[in-house]
Amino acid sequence: MTLLQSGLAKSLAVAYSLDDSLRYNSGDSPALYKDVGADPDNGLIMTLSFWTKRGQLGSYVRIGGCKKAGTTTNLEFGFMDSNLFEFYFWDDTDTAYGVNTDAVLRDCSAWYHFTIIFNAADSTAADRIQIWVNGVRQDTTARNSGYPPTDKVTGYTTRDFIRGAGTSIANPATPSFQYPFDGYLSDFACIDGTVYAASDFGELDSTTNQWIAKDISDLTFGQNGFYLKFEDSANLGNDSSGNNYDFTTVNLVATDQMIDTPTNNFCTWNPLWGRTGKMPVLTEGNLIGASSDAAQTPISATFAGIQSGKWYWEIEIKAKGGSDCKIGLLNSSGEMSDVNQSNHYYR
C-alpha cells in the first residue's frame, strides 16, 4: 500500500516556509558526497543544522560523515540501532571521541531539528560537542575517549576529506559509502569556523510553542560551509551557501525531492504501531508498506489523535493477496496483537 504525497497537512505554526526535502530510501544505498578542496576558516569550530524525519528505525543510519584517504581520521553522525543520536570521530592516532544523546528519538510522525556545535577550542570540555534538538540542549553521554582535546578536528570542513550527506564514507578513494540514511532531510547547513546557537536556525512560535524554522540564508557559512535546500530536482546536491560546493548524487533521482517538510508535514505509515510480529516492510520514506505474509498484516498511519475537523488522505493499493483489504479508522489504545480485537479498529 502506498500513501500518496498529495494532500496538505500543514504544521499549525508557519512563519518561514521550507518547501522541499530529500527522501532517502536506505535500500537504494543513496548518498550525496563532495570533496573539500580548500583550507577551512577554522577546522576546530563547526556548526551543523538540519531537519530530519525518520523512516527506518532500529538500524545504524547516518546523517553525515567524512574520511580522508590514507588516514584514520573520520567522522560519523546519525542514529544508532538503539535510536539514540551520536556524533563521534577518530583522529590521526585512531583515537575516538564523541557523545550520544541520552534521549531516544524515534517519532516517525515528527520533524526533528538538530543543531550540532563542535568547538574543540572551548575551555569547558563538556561544551566541545553539543547536540540540540528542537531548540533544547540534549543530555549526552561521552563515548570512547570522551570529549576531544582542544587541538582535534573532525575533518568535515578540512581540505582533502570526502564528506557525505545522508551517508558516511567507507572508502574515500573510490568513493564508497556505508550506513545510508532512511527518511527525509531538509535545510541541511554546515557552518565553517563560527559557533551559531540553535536560535539562529529556529524559534518557538509564540502561539503554539512549536519549534519552527528561520531563514538562514544570511548566515556566514565560512570557507568550507555548505547549504543544501534540495530545491532543484535536477540538481539535488546544489549548494546554496555561495561557495558552490555542489554535492554529487548517488542513487537519488528527481522523484526523491519531496514536499513533506517541517512546515508541510505529511502522514506516513507508522513503524511503531501495527500487529505484533506481522509488520509490513516499509520503504520510500515509510510511504510504501509490503508483506508476503499470508496472515493479516495491518499497520496504522501517523497523525493519531484526530478527533474533529475535516481530513483528507489518499492510499493506493499496488497489489494484494487474499480476499479483502480494509482501510479505515482505528482505536489507538493497546497493542495490536489480534487483528480482530474490537478495541483496535473500526470496519
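Note that the structure is predicted; figures quoted are calculated from it, not measured.

Caption draft 1: View of the overall build of the chain. Secondary structure assignment for the chain yields zero helices and 26 strands. Of all 347 residues assigned to the chain, the portion counted as buried reaches 48%. Residue pairs in contact within the chain that sit at least 24 positions apart in sequence constitute 67% of those at least 6 positions apart. Only carbon and sulfur atoms are counted for the fraction: they give 46% of the accessible area of the chain, which is about 15200 Å².

Caption draft 2: Structural detail: the sheet that holds strand β6 (residues 74–79). Across the sheet, eight strands lie side by side as β12-β8-β7-β6-β5-β13-β3-β20; this open sheet has antiparallel pairing. Every interior strand has two partners, whereas the edge strands, β12 (140–144) and β20 (248–250), have only one. Geometrically, the sheet is characterised by an average inter-axis angle of 15° between neighbouring strands, direction not taken into account. Strand direction decides the pairing type here: strand β3 (residues 31–35) and β20, joined by three bridges, are antiparallel. Note that in β20 the partner of A31 across the bridge is V250.

Caption draft 3: Region of interest: the packing of aromatic side chains. Per the stated rule, a full pass over the model turns up 23 aromatic pairs. Lying across the ring of Y179, R62 places its NZ or CZ 5.4 Å from the centre.

Caption draft 4: Layout of the pattern of salt bridges. Per the counting criterion, the structure on display carries eleven salt bridges. The partner of R62 in a salt bridge is E86, with the nearest N and O atoms 2.7 Å apart. Taken together, the residues R62 in strand β5 (residues 61–67) and E86 in strand β7 (residues 85–90) connect sequence positions 24 residues apart. Each member of the pair, R62 as well as E86, carries the same accessibility label: buried. One salt bridge connects K229 with E231, and the closest N-O pair in it is separated by 3.9 Å. Given the relative accessible area of 23%, K229 is considered partly exposed. One continuous salt-bridge network, built from bridges that share partners, spans R62, E76, E86 and R143.

Caption draft 5: Molecular detail of the side chain of T47. Its place among the elements puts T47 in strand β4 (residues 45–54). Residue classification places T47 among the buried positions, given a relative accessible area of 0%. Ignoring any residue separated from it by four or fewer positions in sequence, one finds T47 in contact with T115, I116, I117, A189, C190, I191, T194, V195, Y196 and F201.

Caption draft 6: Representation of the nonpolar core in the model. In this structure, F77, F85, F87, Y156 and F188 are the most contacted members of the largest nonpolar core, which totals 39 residues. Considering each element in turn, this core owes the most residues, four residues, to strand β9 (residues 112–119). When near neighbours in sequence (up to four residues on either side) are disregarded, F77 contacts L48, F50, R62, I63, G64, G65, F85, E86, F87, I116, Y156 and F188.

Caption draft 7: Quick peek at the pairing of β6. In terms of residue burial, β6 counts as a mostly covered element, since six of its six residues are buried. Sheet analysis places β5 next to β6, joined by six bridges and oriented antiparallel. When the bridges of β6 are listed, V61 appears paired with F79. In sequence, β5 turns back onto β6 through a hairpin of six residues, with G70 there showing a positive phi of about 85°. Across six bridges, β6 lies against β7 in antiparallel orientation. Counted as the bridge partner of F79 is F85 from β7. Here β6 hands over to β7 after five residues, with N83 in that stretch at a positive phi of 70°.

Caption draft 8: Spotlight on the environment of G78. As for its position among the elements, G78 is in strand β6. Each C-alpha atom of the pair G78 and Y60 lies 7.6 Å from the other, and the pair is 18 residues apart in sequence.

Caption draft 9: Seen up close, unusual backbone geometry. In this model, T174 is joined to P175 through a cis peptide bond whose omega is -15°. Positive phi outside glycine occurs at Y179, with the angle close to 55°. Along the chain, Y179 falls in the loop between β15 (176–178) and β16 (183–192). Y179 gets classed as partly exposed once you look at its relative accessible area, which sits at 37%. Although it is not a glycine, D187 sits at a positive phi angle of roughly 50°. By the element assignment, D187 lies in strand β16.

Cut-offs used in this document
In this numbering scheme, every chain counts its residues from 1 along its sequence in written order. Local features in this predicted model are restricted to residues whose pLDDT is 70 or higher, and side-chain atom pairs enter the listing and the counts only when it is 80 or higher, whereas totals over whole chains, interfaces and linings include all residues. Values shown for side chains rest on all heavy atoms present in the structure; no hydrogens or waters enter the calculation. Only DSSP runs of H or I with at least four residues qualify as helices, and only runs of E with at least two residues qualify as strands; both kinds are numbered from the N terminus onward. Each residue is assigned to one of three classes by its accessible area relative to the maximum for its type, calculated with a 1.4 Å probe on protein chains only: buried under 20%, partly exposed between the two thresholds, exposed over 50%. Whether two residues touch is decided by their heavy atoms; if any such pair falls within 4.5 Å, the residues are in contact. Areas reported here follow the Shrake-Rupley algorithm with a probe of radius 1.4 Å; residue values treat only the protein chains shown as occluding. Two strands are counted as paired when DSSP detects at least two bridges linking them. Fitting a line to C-alpha atoms yields each axis, with helices limited to the stretch in contact; the angle taken between N-to-C directions then spans 0 to 180 degrees. We call Phe, Tyr and Trp rings a pair once their centres come within 6.5 Å, taking the six-membered ring for Trp, and we label the pair stacked below 30 degrees between planes, edge-to-face above 60, and tilted otherwise. Here, a charge over a ring is recorded when the distance from Lys NZ or Arg CZ to the ring centre is within 6 Å and its angle to the ring normal is within 35 degrees. The term salt bridge refers to a pairing of a side-chain nitrogen on Lys or Arg with a carboxyl oxygen on Asp or Glu at a separation within 4 Å. Grouping buried Ala, Val, Leu, Ile, Met, Phe, Trp, Tyr and Cys residues that are joined through side-chain atoms within 4.5 Å yields what is termed a nonpolar core.

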